[in-house]
Amino acid sequence: MGEDEAVKNYIIMDLEFNYPMTRYRSEENGIRLNQEIIEIGAVKLNERLEQTDSFCAFVRPSAYPKMNKDVEELTEITTDMIQAGKPFPEAVADFLEWCGEDPVFVTWSDNDIISLEDNMLYHGLEIEDLPRCFDIQLMFDDQVTQEGRDFALSYAMWKMDIKPAPSHDALNDAINTAEVMRHLDMSEGLEEYEV
């Protein structure tokens, strides 16, 4: 991203997933789905990293419609909650429309963007027009720990003395990621942290 490419919207995105309860993996359009998106959470930041909006939606799963008990225990998301959500194609269309003009995605690790692409391809949706995505976890390691390994978002918040919003909720995890991002030196931009 050169200096002439202004970012209008940083979309700090977090996803929650459901996993199959057996070794079975649903397959559609050549994609074996290891984790199905059940919640999309995001905050929109302007160029000054000020929050201007938020997005949160449950997604009604089609591959793994019943909540895995381990995931339910961790996230407190129930089968009834996800069954009340929109089907994935509608939910992701709403999300991408909400992102607005010239967005870039920012995530904690590359897992969310890879899973978003897999879920879209599984449902026969195009991924070519997805915004560029940057991994703030890499920036945290580069600027703070310099250990060359992946750290949990909770560790980053502890290390930076940031009071977290409750975790394992997509919107709160997006808010927490945005807060870590604000504590990092963004002067050199995100270029070397692209997923």
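As the structure is a prediction and not an experimental result, all values here were calculated from the model.

Parameters and conventions
- Residues numbered from 1 in each chain as written.
- Predicted model: local features only at pLDDT ≥ 70, side-chain atom pairs only at ≥ 80, totals over all residues.
- Heavy atoms only, no water.
- Helix = DSSP H or I, 4+ residues; strand = E, 2+ residues; numbered from the N terminus.
- Rg over C-alpha atoms; globule rule 2.2 N^0.38 Å.
- Contact = heavy atoms within 4.5 Å.
- Areas by Shrake-Rupley, 256 points an atom, 1.4 Å probe, with all protein chains shown as cover.
- Lys, Arg positive; Asp, Glu negative; His and termini not counted.
- Charge placed at Lys NZ, Arg CZ, Asp CG, Glu CD.
- Pairing = 2+ DSSP bridges.
- Axes fitted to C-alpha atoms, helices over the stretch in contact; angles between N-to-C directions.
- 1 Å grid on protein atoms, 1.4 Å probe; cavity = no way out; pocket = protein on both sides within 12 Å on 5 of 7 lines; lining within 4 Å.
- Points joined across faces, edges and corners; volume = space filled by probe spheres on them.
- Nonpolar A, V, L, I, M, F, W, Y, C, P; charged D, E, K, R; others polar.
- Salt bridge = Lys/Arg side-chain N within 4 Å of Asp/Glu carboxyl O.
- Buried < 20%, exposed > 50% of the residue type's maximum accessible area, 1.4 Å probe, protein only.

Caption draft 1: Quick look at the overall build of the protein chain. Each helix and strand in the protein chain was counted, giving 7 helices and 8 strands. For 195 residues, the compact-globule estimate of 2.2 N^0.38 gives 16 Å, and the C-alpha radius of gyration of the protein chain, at 17 Å, lies within 12% of that figure. Projected onto its principal axes, the C-alpha coordinates of the protein chain cover approximately 45 × 35 × 30 Å. Taking the intrachain contacts of the protein chain between residues at least 6 apart in sequence as the baseline, contacts between residues at least 24 apart amount to 70%. For the protein chain, the accessible area works out to roughly 10300 Å², and carbon and sulfur atoms hold 45% of it. Looking at the protein chain, you have 15 positive and 43 negative side-chain charges, and the mean spots of the two groups are 6 Å apart.

Caption draft 2: Spatial organisation of the sheet that holds strand β7 (residues 103-107). Spatial strand order, β6-β5-β4-β1-β7-β8: 6 strands in an open sheet with mixed pairing. The strands lining the two open edges of the sheet, one partner per strand, are β6 (86-87) and β8 (133-135). Of the pairings in the sheet, the one linking strand β1 (residues 9-18) to strand β4 (residues 36-45) comprises 9 bridges and is antiparallel in character. Directly across from L15, in β4, lies its bridge partner I40. Packed onto the sheet, helix α5 (residues 136-145) meets β7 and β8 and runs at close to 35° relative to β8. Against the sheet, helix α7 (residues 170-182) contacts β1, β4, β5 (51-60) and β7, and its axis sits at roughly 40° relative to β4.

Caption draft 3: Fine view of the environment of A178. Inspection of the secondary structure assignment puts A178 in helix α7. A178 has contacts with I12, V43 and L45, leaving out every residue within four places of it along the chain.

Caption draft 4: The arrangement of the layout of surface pockets in detail. Considering only enclosed or pocket space, the largest pocket measures out at about 510 Å³ in volume. If you trace the largest pocket, you find 25 residues lining it, with D14, L15, E16, H168 and D173 closest to the centre. Mapped by element, the contributors of at least two residues to the lining of the largest pocket are β1, α1 (69-75), α4 (111-122), α6 (153-159) and α7. Classifying every residue of the lining of the largest pocket gives 12 nonpolar, 9 polar and 4 charged.

Caption draft 5: Broad picture of the pattern of salt bridges. By the definition in use, this model includes 8 salt bridges. Residue E179 is joined to R182 by a salt bridge in which the shortest nitrogen-to-oxygen separation is 2.9 Å. On the criterion of helical spacing, the pair formed by E179 and R182 is a turn pair, its members being 3 residues apart in helix α7. Given a relative accessible area of 30%, R182 falls into the partly exposed group. Linked through salt bridges whose partners overlap, the residues forming this network are E47, R48 and E50.

Without other data, these values stay purely geometric and don't point to any function.
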